[in-house]
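Single-letter residue listing:
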Amino acid sequence: MSATRIAIDETELEADGVVALLTHAVGTEDRDRLDVALLPYRTGSAVLAVARSSRLPVGVIGYSAAPDRTTLLLLHVATDPHCRRHGIGTALIHWVHARHPSIPLTAETDADAVRFYEKTGFTSTSLGEKYPGVERFLVRRPPAGYSSYR
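The rules behind each value
Residues numbered from 1 in each chain as written. Predicted model: local features only at pLDDT ≥ 70, side-chain atom pairs only at ≥ 80, totals over all residues. Heavy atoms only, no water. Salt bridge = Lys/Arg side-chain N within 4 Å of Asp/Glu carboxyl O. Helix = DSSP H or I, 4+ residues; strand = E, 2+ residues; numbered from the N terminus. Buried < 20%, exposed > 50% of the residue type's maximum accessible area, 1.4 Å probe, protein only. 1 Å grid on protein atoms, 1.4 Å probe; cavity = no way out; pocket = protein on both sides within 12 Å on 5 of 7 lines; lining within 4 Å. Points joined across faces, edges and corners; volume = space filled by probe spheres on them. Nonpolar A, V, L, I, M, F, W, Y, C, P; charged D, E, K, R; others polar. Core = buried A, V, L, I, M, F, W, Y, C linked by side-chain atoms within 4.5 Å.

Got a minute to help me understand the pattern of salt bridges in this structure?
Opposite charge on two side chains makes pairing possible when the charged atoms of those side chains draw close. Applying the stated rule across the entire model yields 5 salt bridges. Measuring nitrogen to oxygen at the nearest pair gives 3.1 Å for the salt bridge that ties Arg-136 to Glu-108. Of this pair, Arg-136 sits in strand E7 (residues 134–141) while Glu-108 sits in strand E5 (residues 105–110), placing them 28 residues apart in sequence. With relative accessibility at 17%, the residue Arg-136 sits in the buried group. Among the charged side chains, a salt-bridge network with shared partners connects Arg-31, Asp-35 and Arg-42.

Even after reading the chapter, I still don't get the layout of surface pockets, so can you show me in this structure?
In this structure, the largest pocket encloses a volume near 1,400 Å³. Lining the largest pocket we find 37 residues, and of these Val-77, Thr-109, Ala-113, Phe-116 and Tyr-117 sit closest to its centre. Looking at the lining of the largest pocket, the elements that each hand over two or more residues are helix H1 (18–26), helix H2 (31–43), strand E4 (72–79), helix H3 (88–99), E5, helix H4 (111–119) and strand E6 (123–131). Ranked by residues supplied to the lining of the largest pocket, first place goes to E4 with 7 residues. The residue makeup of the lining of the largest pocket, split by class, is 17 nonpolar, 10 polar and 10 charged.

I would appreciate a short explanation of unusual backbone geometry in the present structure.
Across residues other than glycine, the phi torsion is negative in most instances, and most of the peptide bonds are trans. Although it is not a glycine, Arg-55 sits at a positive phi angle of roughly 70 degrees. The residue Arg-55 is located in the loop between strand E2 (47–53) and strand E3 (56–65) in this model. Judged by relative accessible area, which is 78%, Arg-55 ranks as exposed. Phi at Arg-85 is positive, roughly 70 degrees, even though this residue is not glycine. Position of Arg-85 relative to the elements: it lies in the loop between E4 and H3.

Whenever I open this one, the nonpolar core confuses me. Can you help?
Nonpolar side chains in soluble globular proteins tend to end up buried together. Ile-61, Leu-74, Ile-93, Val-96, Tyr-117 and Phe-122 are the most contacted members of the largest nonpolar core, which has 20 residues in total. Counting only elements with at least two residues in this core, the list comes to E2, E3, E4, H3, E5 and H4. Tallying contributions element by element places H3 first for this core, with 5 residues. Core analysis: the next-biggest nonpolar cluster, separate from the first, contains 14 residues, Leu-22, Leu-34, Tyr-41 and Val-50 among them.

In structure tokens:
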């Protein structure tokens, strides 16, 4: 794995390449399903950030505060398929956590992504088979600076 130099900034949904990256996180190009997934960014209830390398979008992360404001929910994390395993997803997660160090991060994910989250400091708990034949997981990363050895 080699690191790619990137710059991360908040962005708008309409920025070049952002929706294309989000289709990787949503897992479909179906317009109706994509529109539902993009609604939090359109309404302003979620924050969207993009990672750029040489001004090209190579990764995206979206998150929102839980209703009780005690955790941040990662809604989408995606990298360009040609740029995977270069540290971009990890950098996006670190960027969010650096902006909100006292708040834990959580996400719901599938079995394919659990290892990625665990490598970036998350613990995982199976939610069981939420959809026929599909096991889902809740992943949680404690606040920055938290140690279980306290």
